[in-house]
Amino acid sequence: MLCITNATVHTGRNTVLENTDILIDNGKMIRIGQHLASGADVCLDASGKVVMPGFIDAMSELGMAVRRKEVRDNDEQSDPMTPHLKALYAYDGDCVQEQSPVSYGITALAAAPSNSNILGGQMAVFHTSGINPFKMLIRDEAGMKGSLTRQVLDTYGKRNQSPMTRMGMFAQLRQALQQAADASATDKRDEKRNAVKKVLDGSMKLFVACNDASEIRGLLRVCEPFGIRPVLVLGYDIHRQDTELLEKTQGVILGNLSYGFNSWADKADLEGLYALYRQGLPVAMATLGNNPNGKEGLLWTASRMMQASQDSAAVLNMLTINAATMLGCEDRIGSVEEGKDADLVIWSANPVETWQGRVEKVLIGGRLVYEQGGYQQ
């Protein structure tokens, strides 16, 4: 057994525990309290340090956006409707290891199809350390990824192929939902319709990338007759007066704000989004955005939200338990609680509150996978 001792523990549940030990066995946190070191074989002294749950990149292309003859493995562009495809088969553990998201405290991410298709496929949640993606898997079918951004029109319009307009995008989305609703329950042959049926019956959430308010409003109008409450991805053009989102969505995944040439992100009203969060709108954060994808983007986006909200507990929730809950993984990751995976990061200081906070050690499943200066073997 392993014990982290004498830490200041930020649980991800709006609680801070001072001078606290975390006892770990078989990859799980089995006890959290004081004076637990006597039950351990190995102790990590975290005196003067901050321990947090590992950050979760709530929608990412890390590990998949590897150019190979100008093809990205999560960017199927043969058809704007590919709901049956799975990001599970695009995730590359070696590539993730090279990109080193753990060095930024990211212990899990939701691998997602790109923004090129109206319904691009099914997301999966992985740990960020390892080689074999099937051993790194936390949850398959974590959500259906869609997009109503101009990236869809840019992809198919240049081929003179539908959809070429917003009208075409929304018509195709509505048609796909209606066809799935009308399909016979006994018809198991149509993979696409059966995948969309999981969205209709609520067994799989719908996550849709929208850059601006018109895309968001159109999405909500199409979804409403089917009883679907989507998760909005990117969420740049959301404002405090958009209170209908409290009832009509299951939350927002804020897109990457680290790229200075992202014109959509310039619209981001972070104070307004935080005001909706305070009213009960779940908010998480992601590296996915209209920009080069990088692990640095998650902390940069968090720092922007911290600047807007001055609420470090809320920002930590957005980086951890909120993301885990949206992705259906809150039983395993997202907070420091007994019985959960020991995905923990030891920081020199609270990174939400100061840039002086640096990653000193990272544990995933109770195993030390990173220490300042490099990976552990």
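To be clear, the structure that these remarks concern was listed above.
Note that this is a predicted model, so its numbers are computed, not measured.

Student: Outline the overall build of the protein chain, supporting the account with residue identities and numerical values.
Tutor: In terms of regular secondary structure, the protein chain is built from eleven helices and 17 strands. Relative to the globule expectation of 21 Å for 377 residues, the C-alpha radius of gyration of the protein chain, 21 Å, shows essentially globular dimensions. Projected onto the principal axes, the alpha-carbon positions of the protein chain cover approximately 65 × 45 × 40 Å. Classification of the 377 residues of the protein chain by burial places 57% in the buried group. Long-range contacts, defined as pairs at least 24 residues apart, comprise 67% of the intrachain contacts of the protein chain with a sequence gap of at least 6. Of the roughly 15,600 Å² of accessible surface on the protein chain, a fraction of 46% belongs to carbon and sulfur atoms. Positive and negative charge centroids in the protein chain, built from 38 and 44 side chains respectively, lie 5 Å apart.

Student: Tell me about the nonpolar core, and name the residues and values.
Tutor: Counting residues in each nonpolar core, the largest one holds 95 residues, and the members touching the most others are F55, M59, L148, I253 and M305. Beyond its immediate stretch of four places on either side in the chain, M59 contacts A110, A112, M123, K145, F207, V233, I253, A286, T287 and L288. Counting 15 residues, the second-largest nonpolar core is a separate cluster that includes V9, M29, L344 and L363.

Student: Quick rundown of the sheet that holds strand 12 (residues 251-254)? Include the residues and the values.
Tutor: Taking strand neighbours across the sheet as the criterion, the eight strands line up as 6-7-8-9-10-11-12-13 in an open arrangement whose pairing is mixed. The sheet is open, and its two borders are formed by strand 6 (55-60) and strand 13 (283-285), each paired with just one other strand. Strand-to-strand twist across the sheet, computed as the mean angle between neighbouring axes with direction ignored, equals 25°. Taken together, the four bridges between strand 7 (residues 106-111) and strand 8 (residues 119-127) define a ladder with antiparallel strand orientation. Bridge pairing in strand 8 links L109 to F126. Contacting strand 8, strand 9 (137-147) and strand 10 (206-210), helix 5 (residues 191-200) crosses the sheet at an angle of about 95° to strand 9.

Here is what the cut-offs are and how they apply
- Residues numbered from 1 in each chain as written.
- Predicted model: local features only at pLDDT ≥ 70, side-chain atom pairs only at ≥ 80, totals over all residues.
- Heavy atoms only, no water.
- Helix = DSSP H or I, 4+ residues; strand = E, 2+ residues; numbered from the N terminus.
- Rg over C-alpha atoms; globule rule 2.2 N^0.38 Å.
- Buried < 20%, exposed > 50% of the residue type's maximum accessible area, 1.4 Å probe, protein only.
- Contact = heavy atoms within 4.5 Å.
- Areas by Shrake-Rupley, 256 points an atom, 1.4 Å probe, with all protein chains shown as cover.
- Lys, Arg positive; Asp, Glu negative; His and termini not counted.
- Charge placed at Lys NZ, Arg CZ, Asp CG, Glu CD.
- Core = buried A, V, L, I, M, F, W, Y, C linked by side-chain atoms within 4.5 Å.
- Pairing = 2+ DSSP bridges.
- Axes fitted to C-alpha atoms, helices over the stretch in contact; angles between N-to-C directions.

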